[in-house]
Amino acid sequence: MNQLEPQRGKAEPAGLDVVVTTMSSDSHTWNLVFLQLLLEELGHRVTNLGACVPDELLVSECRRIEPDLIVLSSVNGHGYHDGLRVIQALRACPELAATPTVIGGKLGIAGSGDPDRQRSLLAAGYDGVFEEGRSVADFHSFVGALAAPADRMLTADRVLPADRALPTAARTLPTATASGVLR
């Protein structure tokens with residue numbers, strides 16, 4: 001072997017493979033840019049699918065990418081209704097049924113913090129609900145729990161051991177306004 005040849009280790013790269021996206025009715029992108037930058041700053045690899053992503057495209061891209069986390073973001077206030085439809089499509093796909101998936105942003109037009117809406121989204125299959133108007137710290141903690149070292153690694157079928165399951169309490173995540181300022 002030539003000394004100038006690069007040495008390649010067999011260690012897995014650190015960080016998660018994350019897909020960030022909106023849903024089919026949401027054309028906003030600032031929220032996706034914010035999430036992408038935040039996740040990349042935390043050391044994760046991000047595939048940003050962009051705005052107005054049809055359900056079928058989201059499912060097929062997630063099957064292809066095999067992400068460690070799917071993050072759906074909404075700014076238009078239709079996130080709750082769109083989110084219920086999208087999580088059904090993701091959970092119906094065997095390859096994605098156990099992939100941690102969260103939703104956040106402006107999920108309804110009547111304001112944030114509706115505990116019934118959050119419970120409903122969690123019951124539908126989301127692993128976290130990060131509604132607008134609160135700190136990024138909860139989202140950061142959630143992602144950190146997924147990316148923790150070997151003692152918390154996902155099993156072969158991507159399910160966490162029951163004694164180390166992710167928190168399912170409702171979470172909130174701010175959204176960026178048109179000027180880029182977080183709310």
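Our structure's up above, just so we're on the same page.
Residues numbered from 1 in each chain as written. Predicted model: local features only at pLDDT ≥ 70, side-chain atom pairs only at ≥ 80, totals over all residues. Heavy atoms only, no water.

Draft legend 1. A nonpolar patch on the surface, seen in detail. A cluster of nonpolar residues, W30, V33 and L37, forms a patch on the protein surface that exposes about 310 Å² of accessible area. Mapped onto the fold, V33 is located in helix α1 (residues 30-41). Take V33: its relative accessible area is 37%, and that puts it in the partly exposed class. (Patch = residues over 30% accessible without salt bridge, like charges linked within 9 Å, V, L, I, M, F, W, Y side chains within 5 Å. Areas by Shrake-Rupley, 256 points an atom, 1.4 Å probe, with all protein chains shown as cover. Salt bridge = Lys/Arg side-chain N within 4 Å of Asp/Glu carboxyl O. Helix = DSSP H or I, 4+ residues; strand = E, 2+ residues; numbered from the N terminus. Buried < 20%, exposed > 50% of the residue type's maximum accessible area, 1.4 Å probe, protein only.)

Draft legend 2. Structural context of the packing of aromatic side chains. Tallied over the entire structure, the rule returns two aromatic pairs. Measuring from centroid to centroid gives 5.2 Å for F130 and F139, while their planes differ by 85°, and the two rings are edge-to-face. By relative accessible area, F130 is classed as buried at 1%. Exposure remark for F139: the relative accessible area of 1% places this residue in the buried category. Both rings, one in F130 and one in F142, keep their centres 5.6 Å apart while their planes meet at 80°; by these two values the pair is edge-to-face. In this pair, F130 is assigned in strand β5 (residues 128-131) and F142 in helix α5 (residues 137-146), connecting sequence segments 12 residues apart. Summarising the burial analysis for this pair, F130 and F142 share the class buried. Members of the aromatic cluster, joined through ring pairs, are F130, F139 and F142. (Phe/Tyr/Trp six-rings, centres within 6.5 Å; stacked < 30°, edge-to-face > 60°.)

Draft legend 3. Local environment of the environment of R91. Examined against the element boundaries, R91 turns out to sit in helix α3 (residues 79-92). Residues R91 and V59, spaced 32 residues apart in sequence, show a C-alpha to C-alpha distance of 9.6 Å. Ignoring sequence-local partners within four residues, the contact set of R91 consists of L96, A97, A98, T99, T101, G125 and D127. Among the polar contacts listed, one links the side chain of R91 to the backbone oxygen of A97, at a separation of 3.2 Å. Polar contacts involving the side chain of R91 include one to the main-chain carbonyl oxygen of G125, which spans 2.8 Å. (Contact = heavy atoms within 4.5 Å. Polar contact = N/O pair within 3.5 Å; in protein donor to acceptor, adjacent residues only side chain to side chain.)

Draft legend 4. How the structure looks around the nonpolar core. Grouped together as the largest cluster of nonpolar side chains are 20 residues, with contacts concentrated most on L58, L72, V86, L90, I103, L121 and Y126. Secondary structure elements with two or more residues in this core: α2 (55-65), β3 (69-74), α3 and α4 (115-124). Not counting chain neighbours up to four residues away, the residues in contact with L58 comprise V19, T21, L49, V53, L72, V86 and L90. (Core = buried A, V, L, I, M, F, W, Y, C linked by side-chain atoms within 4.5 Å.)

Draft legend 5. Representation of the side chain of S74 in the model. Tracing the backbone shows S74 in strand β3. One polar contact links S74 to D26, side chain to side chain, over a distance of 3.1 Å.

Draft legend 6. Quick peek at the pattern of salt bridges. What the rule picks out here adds up to eight salt bridges. Where R119 meets D116, a salt bridge forms, and the shortest distance between an N and an O atom there is 2.5 Å. You can see R119 and its partner D116 sitting in helix α4, three residues apart, about one turn around the helix. Its salt-bridge partner being E131, residue R117 comes within 2.4 Å of it at the nearest N-O pair. A residue pair is termed long-range when its members are at least 10 positions apart, and R117 in helix α4 and E131 in strand β5 qualify at 14 residues. Judged by its relative accessible area of 1%, E131 is buried. If you follow the salt bridges from partner to partner, you end up with D55, D82 and R85 in one network.

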